[in-house]
Amino acid sequence: MKITYLGHSGFLVELKECYLLFDYYTGKLPVFSPEKNLTVFVSHSHQDHYNKAIFGIDPGHFPITYVLSKDIRKKQAEELVKREDKLLFVKAHEVYELYGGRMRIETLRSTDAGVAYIVTVTQESGKTRRIYHAGDLNLWKWAGESKAHNNNMEANYRREMELLKGQYFDAAFVPLDPRLEQFAFGGMDIFLETASVEALFPMHFWKQPEIIGKYLRERPEAVNLIKLKEEGKTYTFQDKEQRRGP
């Protein structure tokens, strides 16, 4: 498994047989192998997660499958997509299957807009890879908001996290937003209390990667958190014995 950090909340996951591109809106994409299919995921329509340039990607001689949150305008996407490519519009708390059932997509409800994705890919060997991309599903507690608002936000976030309880992911992408100030660590903390992950990528930190170092200093037990610095860097993970949640 190779994971390239493209910027902000954008990541490219390369598996043995496919590519998964999440929330791309900035950064340089690599040259794709035409032997692997490409699935493009967009969690919601905010401009820092959705760039219409995704409809101009040229991965080789095969169709792209676009998995788009339903808050993205369907008519506009249909006008932009190439005829041979495929569009799947998704909503929260649903399950979808692609490629004859070899890709399973589960969605959570964002606490802001759109959805979060749980993607399970079964490869020809029978091995599975499980990926979680939060989109804007996070604990959005703000110092300027009322106590009632923040309590309601936490209740909504914890409700979605309960759906991940006991689950294992090979890679997870979770917001760590410095704008939240004293509440910035909350969403990441609750995710780590709920699920286990081999490689945990912080995201949505608005070109302020120093918050990652701060988190690691205050949470030294978060040994699987990747200390992102440079956009465009690729991280490679070797196969390990399959782990499963209960």
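Described in the following lines is the structure provided in the data block. (Residues numbered from 1 in each chain as written. Predicted model: local features only at pLDDT ≥ 70, side-chain atom pairs only at ≥ 80, totals over all residues. Heavy atoms only, no water.)

### Let's talk about helix H3 (residues 186-194)
Now for step 1: Counting buried residues in H3 gives seven out of nine residues, a clear majority hidden from the surface.
Now for step 2: Among the residues of H3, Gly186, Gly187, Met188, Asp189, Ile190, Phe191 and Thr194 are the ones counted as buried.
Now for step 3: Turning to H3, the residues buried within the fold contact strand S10 (128-133), helix H2 (147-162), strand S11 (168-175), strand S12 (196-203) and helix H4 (210-218). (Buried < 20%, exposed > 50% of the residue type's maximum accessible area, 1.4 Å probe, protein only. Helix = DSSP H or I, 4+ residues; strand = E, 2+ residues; numbered from the N terminus. Contact = heavy atoms within 4.5 Å.)

### What to know about the pairing of strand S4 (residues 37-42)
Now for step 1: Burial runs high along S4: five of the six residues are buried.
Now for step 2: Alignment of S4 against strand S5 (residues 64-69), held across five bridges, turns out to be parallel. Within the sheet, the bridge partner assigned to phenylalanine 41 lies in S5 and is valine 67. (Pairing = 2+ DSSP bridges.)

### Structural notes on the side chain of asparagine 150
Now for step 1: Counting through the fold element by element, asparagine 150 comes out in helix H2.
Now for step 2: For asparagine 150, the side chain forms a polar contact with the main-chain oxygen of tryptophan 142, separated by 3.0 Å.
Now for step 3: Ignoring anything within four residues of it in the chain, the contact list for asparagine 150 reads Trp140, Lys141, Trp142, Glu145 and Phe183. (Polar contact = N/O pair within 3.5 Å; in protein donor to acceptor, adjacent residues only side chain to side chain.)

### Notes on the sheet that holds strand S9 (residues 115-122)
Now for step 1: Pairing in this open sheet of six strands is mixed, and the strands run S7-S8-S9-S10-S11-S12 from one edge to the other. The open sheet is flanked by strand S7 (95-98) and S12, the only strands paired with a single partner. On average, each strand axis in the sheet is inclined to that of its neighbour by 20 degrees, with strand direction left out of account.
Now for step 2: Of the pairings in the sheet, the one linking S9 to S10 comprises six bridges and is antiparallel in character. Within the sheet, the bridge partner assigned to threonine 122 lies in S10 and is threonine 128. (Axes fitted to C-alpha atoms, helices over the stretch in contact; angles between N-to-C directions.)

### Notes on the sheet that holds strand S6 (residues 86-90)
Now for step 1: Pairing is mixed in the open sheet, where seven strands are placed in the order S6-S5-S4-S3-S2-S1-S13. Of all strands in the sheet, those bounded by a partner on one side alone are S6 and strand S13 (234-236). Ignoring which end each strand starts from, the neighbouring axes of this sheet average 15 degrees apart.
Now for step 2: Bridge count for strand S1 (residues 2-7) against strand S2 (residues 10-14) is five bridges, and the pairing is antiparallel. The residue bridging glycine 7 from the neighbouring strand is glycine 10, located in S2.

### Some details on the pattern of salt bridges
Now for step 1: Summed over the entire model, instances satisfying the criterion amount to ten salt bridges.
Now for step 2: Lysine 141 is paired through a salt bridge with glutamate 154; the nearest N and O atoms lie 3.1 Å apart. With a gap of 13 residues between them, lysine 141 in the loop between S10 and H2 and glutamate 154 in helix H2 connect regions that are remote in the sequence.
Now for step 3: The salt bridge involving glutamate 218 is made with arginine 219; its shortest N-O contact spans 3.9 Å. (Salt bridge = Lys/Arg side-chain N within 4 Å of Asp/Glu carboxyl O.)

### Side note on the environment of glycine 10
Now for step 1: Here glycine 10 shows up in strand S2.
Now for step 2: Looking at glycine 10, the relative accessible area reads 1%, which means it is buried.
Now for step 3: Expressed as a C-alpha distance, the spacing of glycine 10 and glutamate 231, which sit 221 residues apart in the sequence, is 9.7 Å.
Now for step 4: Among all residues touching glycine 10, those that are not within four sequence positions of it are Thr4, Tyr5, Phe22, Asp23 and Tyr24.

### Some words on the environment of glycine 135
Now for step 1: Position of glycine 135 among the secondary structure elements: in the loop between S10 and H2.
Now for step 2: Classification of glycine 135 as buried rests on a relative accessible area of 0%.
Now for step 3: Glycine 135 sits 63 residues away from glutamate 198 along the chain, and the two C-alpha atoms are 19 Å apart.
Now for step 4: Excluding anything up to four places from it in sequence, glycine 135 contacts Asp23, Ser43, His49, Val115, Pro175 and Met203.

### Details of the packing of aromatic side chains
Geometry of an aromatic ring pair is reported as the spacing of the ring centres plus the angle between the planes.
Now for step 1: Using the criterion set out here, one finds 17 aromatic pairs in the structure.
Now for step 2: When the ring of tyrosine 5 is compared with that of phenylalanine 11, the centres are 5.3 Å apart and the planes differ by 40 degrees; the resulting orientation is tilted. An identical accessibility class is assigned to tyrosine 5 and phenylalanine 11; each is buried.
Now for step 3: Consider the rings of phenylalanine 11 and phenylalanine 201, whose centres lie 5.6 Å apart with planes at 65 degrees: the pair is edge-to-face. One end of the pair, phenylalanine 11, is in strand S2; the other, phenylalanine 201, is in strand S12, and 190 residues separate them in sequence.
Now for step 4: On the accessibility criterion, phenylalanine 201 (0% relative accessible area) is buried.
Now for step 5: Chaining the aromatic ring pairs together yields one cluster made of Tyr5, Phe11, Phe22, Phe41, Tyr117, Phe173, Phe201, Phe205, Tyr235 and Phe237. (Phe/Tyr/Trp six-rings, centres within 6.5 Å; stacked < 30°, edge-to-face > 60°.)

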